[in-house]
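So you can see what is in the structure, the chains are spelled out below.
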Amino acid sequence: MLVTGHTGFKGSWLSLWLSAMGAEVTGLALPAPTSPSLFEAAHLARGVRHIEGDIRDLETVRAAVGQARPDMIFHLAAQPLVRLSYQEPVETYATNVMGTIHVLEAARAVGGVRGIVCVTSDKCYANREWEWPYRESDPMGGHDPYSSSKGCAELVAAAWRSSFFEQSGPLLATVRAGNVIGGGDWAQDRLVPDLVRAFEAGVAPLIRAPDAVRPWQHVLEALGGYLMIGERLLDGERRFADAWNFGPGDEDAQPVRWIVDRMRAVWRDDAAAPSFDTGPRPHEAGLLRLDSSRARTALGWRPALTLADAIDWIVDWHKSVGAGADARAVTLGQIAHYEALSGRGRVRAAA
């Protein structure tokens, strides 16, 4: 099994989960994008064959796929930040669009791959800023380079599916999750990591767009959906080779200030109150919701955690690790707890 982007936040959680299930995991990624990182803190290199490489280089990707000879590819490697995409638009498109093409071409050239789960984003849609949640059939778009690049990656996947994988080759699905949060995320310029850093330092967090609404969900909710799709692809169920939303219930599409207030209350009663950045800034969507009814009906997938639960788990993760607990053990403990709550995750191990 190959995971691209395994040194990132979501990739580390997924790689650890797959390893715990007994899968033989090879990872292809650049070095961990933050310090600290979950990849280092949880000692992921102990259970994952680590290949350091850049998906922007086709020959590197071909060599990694050839070395791993995977049945399944989970493609997570990406430039994942909206605001950074304004600063580095060329790198964002090179990674998110051409990187996706390289993964699909490598799978086509090497052969033996039975399924590919390509992770894009809830921001791939042409966001109309309306109250209705987006469905898989809604048009792709994107105001900023990041969102546009993810819409492009969806179009790329659809083109490769119809042009090259319709009759033979791997079954290819794309998955679009909400705003994924969880312990072990230390990314810059992202709400929950910014709050954790501020609370640990005892300073007031600086918050932008407090009224922006997002479909927040714990990282294990999204990954559980990816695994369910992966299992269907391994079983050769062609109807699942399509696009899928995995988002929270409507009640958990909450404004930024809700997250701030909940994290302050759970972290510590006297945690510093936030200040708000009211200055000019690049455009970001003010309202975004996902319709996951298709995944609920066809897959039986549904959230196992409320947003309040997710915040509790994040605070518990960071406080436990901050007090000296082993990050790998804490992460595996939350994975096991989630499996028990959801009945999810016992996906058959693959090469």
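Residues numbered from 1 in each chain as written. Predicted model: local features only at pLDDT ≥ 70, side-chain atom pairs only at ≥ 80, totals over all residues. Heavy atoms only, no water.

Going from Ser35 to Pro36, the amide bond is cis rather than trans, its omega being 5 degrees. In this model, Arg69 sits at a positive phi of 45 degrees, which is unusual for a non-glycine residue. Tracing the backbone through its elements, the reader meets Arg69 in the loop between helix 3 (58-68) and strand 4 (72-75). Relative accessible area serves as the criterion here: at 51%, Arg69 is assigned to the exposed category. Phi is positive for Ala209, close to 50 degrees, though the residue is something other than glycine. (Helix = DSSP H or I, 4+ residues; strand = E, 2+ residues; numbered from the N terminus. Buried < 20%, exposed > 50% of the residue type's maximum accessible area, 1.4 Å probe, protein only.)

So, about helix 8 (residues 219-234). The α-helix advances 3.6 residues per turn, and as a result positions three or four apart in sequence lie on the same side. With 16 residues, helix 8 extends 23 Å from end C-alpha to end C-alpha; this agrees with the ideal 22 Å at 1.5 Å per step. Burial analysis of helix 8 places 15 of its 16 residues in the buried class, the great majority of the element. (Expected span 1.5 Å × (residues − 1).)

To continue, consider the sheet that holds strand 11 (residues 253-255). If you walk across this open sheet you meet the three strands as 7-9-11, and the pairing is mixed. Looking at the sheet topology across the chains shown, the edges are occupied by strand 7 (179-181) and strand 11. With strand direction ignored, the average angle separating the axes of adjacent strands in the sheet is 50 degrees. Set on the sheet, helix 9 (residues 256-267) makes contact with strand 9 (213-218) and strand 11; between it and strand 11 the angle comes to about 80 degrees. (Pairing = 2+ DSSP bridges. Axes fitted to C-alpha atoms, helices over the stretch in contact; angles between N-to-C directions. Contact = heavy atoms within 4.5 Å.)

Further remarks concern the side chain of Ser85. Among the structural elements, Ser85 can be located in helix 4 (residues 82-87). A polar contact is formed between the side chain of Ser85 and the backbone oxygen of Val82, at a distance of 2.5 Å. In terms of polar contacts, Ser85 uses its side chain to reach the backbone amide nitrogen of Tyr146, at 3.0 Å. (Polar contact = N/O pair within 3.5 Å; in protein donor to acceptor, adjacent residues only side chain to side chain.)

With that out of the way, let us pick up the sheet that holds strand 10 (residues 243-246). Spatially, the seven strands line up as an open sheet ordered 3-2-1-4-5-6-10, and their pairing is parallel. Looking at the sheet topology across the chains shown, the edges are occupied by strand 3 (48-52) and strand 10. For this sheet, the mean inter-axis angle between neighbouring strands, taken without regard to orientation, is 20 degrees. Summarising the sheet, strand 6 (residues 171-177) and strand 10 pair through four bridges and their orientation is parallel.

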